[in-house]
Amino acid sequence: MRNLPAFTLAGYDKGRGRLTQALWFAVLNTVFMAWFCPARLRVALLRAFGATIGEGVLIRHRVRVLWPWKLTVGDHTWIGEGAWLLNLEPVTLGAHVCVSQEALLCTGSHDHRAADFRYRNAPIVVRDGAWIATRATVLAGVTIGAQSVVAAGTVVHRDLPDLTLHTAAGRRPVEEPV
């Protein structure tokens, strides 16, 4: 039987103190996610809060990042409108990665076998050239291989090898471009 009042944050490290967390949430909700905030300013704000961001990165409006200091983004990566990087643990996006609109990368979960529903978190890695399509979900502990594609609306709960297309119907090699 679940005992939700027994849940604690014991053993979880947010990575920064409460003042920095509060300041980030204020910036996130007033400037960072706003349509009027220039993409360059979003990159600068993430860097100011400890993210490692490469060159030529495009981050659209309504993107949510839980903890910038647990985010690494490679060169020329795009993050589309409404994407949510729920990075309780590190999220690493390689170079030339596309995270499309309203995609969710969620590094957090709970241990369903434990009565106290304790955290069962793990990092996410998306290798160079991968595409996480619209409203796709990548769960904790998953590595998306280089040049792989996660189809729109699908859920990935285990590693995806390089050059693989993940759809609701299963996995297959990504076809070479013409």
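Up top is the structure.
Residues numbered from 1 in each chain as written. Predicted model: local features only at pLDDT ≥ 70, side-chain atom pairs only at ≥ 80, totals over all residues. Heavy atoms only, no water.

Details of the packing of aromatic side chains
Aromatic ring pairs: the centre-centre distance and the angle between the two ring planes describe each pair. What counts, and what does not: Only Phe, Tyr and Trp rings are paired, with Trp represented by its six-membered ring, and only when their centres lie within 6.5 Å; those with planes under 30 degrees apart are stacked, over 60 edge-to-face, the remainder tilted. Only DSSP runs of H or I covering at least 4 residues are called helices, and only runs of E covering at least 2 are called strands; the numbering of each starts at the N terminus. Buried means the residue's accessible area, taken with a 1.4 Å probe over protein chains only, is under 20% of the maximum for its type, while exposed means over 50%, and partly exposed covers the values in between. Two conditions define a charge located above a ring, namely a distance within 6 Å from the ring centre to NZ of Lys or CZ of Arg, and an angle within 35 degrees of the ring normal.
This model, assessed by the stated rule, comprises seven aromatic pairs. Relative to Tyr 119, the ring of Phe 7 lies with its centre 5.2 Å away and its plane at 85°, an arrangement referred to as edge-to-face. In this pair, Phe 7 is assigned in the segment before α1 (18-32) and Tyr 119 in the loop between β9 (104-106) and β10 (124-126), connecting sequence segments 112 residues apart. The class of Phe 7 is partly exposed, set by a relative accessible area of 27%. Owing to a relative accessible area of 29%, Tyr 119 belongs among the partly exposed residues under this scheme. Within the aromatic cluster, the residues linked to one another by ring pairs are Phe 7, Tyr 12 and Tyr 119. Against the face of Trp 84 rests Arg 64, its NZ or CZ located 3.7 Å from the ring centre.

Overview of the sheet that holds strand β15 (residues 155-156)
Quick note on the threshold: Two strands pair under a simple rule: DSSP has to find at least two bridges between them.
Judged by pairing direction, the sheet is parallel, and its five strands sit side by side in the order β3-β6-β9-β12-β15 without closing on themselves. Taken across any chain shown, the strands that pair with only one partner, and hence form the sheet edges, are β3 (64-65) and β15. One ladder, built from two bridges, connects β3 with strand β6 (residues 84-86); its direction is parallel. Note on β6: the bridge partner recorded for Val 65 is Leu 85.

A few points about the sheet that holds strand β1 (residues 52-53)
Read from one edge of the open sheet, five strands run β1-β4-β7-β10-β13, paired in parallel fashion. A single partner strand is all that each edge strand has here, and the edge strands are β1 and β13 (143-144).

Digging into the nonpolar core
The condition is simple: We define the nonpolar core as a collection of buried residues of types Ala, Val, Leu, Ile, Met, Phe, Trp, Tyr and Cys that are connected through side-chain atoms lying within 4.5 Å of one another. Throughout, a residue-residue contact means that at least one pair of heavy atoms, one from each residue, lies within 4.5 Å.
Counting residues in hydrophobic clusters, the biggest one holds 43 residues, and the most contacted among them are Leu 105, Ile 132 and Ile 144. Residue assignment for this core shows that the elements contributing at least two residues are α1, α2 (39-48), β4 (71-73), β6, β7 (91-93), β9 and β10. With four residues, α1 is the largest single contributor of residues to this core. Not counting residues up to four positions away in its chain, the partners in contact with Leu 105 are Trp 84, Leu 85, Leu 86, Val 91, Leu 93, Val 99, Ile 124, Val 126, Ile 132 and Val 138.

A word on the pattern of salt bridges
As a reminder, the rule being used: For this analysis, a salt bridge means a side-chain nitrogen from Lys or Arg found within 4 Å of a carboxyl oxygen belonging to Asp or Glu.
Overall, the coordinates contain five salt bridges when judged by the stated rule. Here Glu 102 and Arg 135 are joined by a salt bridge, their closest N and O atoms 2.6 Å apart. On the criterion of sequence distance, the pair formed by Glu 102 in the loop between β8 (98-99) and β9 and Arg 135 in the loop between β11 (131-132) and β12 (137-138) is long-range, its members being 33 residues apart. A salt bridge links Asp 111 to Arg 113; the nearest nitrogen and oxygen atoms lie 3.1 Å apart. Accessibility expressed as a relative area gives 64% for Arg 113, which makes it exposed. Each of Arg 62, Glu 102 and Arg 135 takes part in a single network of salt bridges with overlapping partners.

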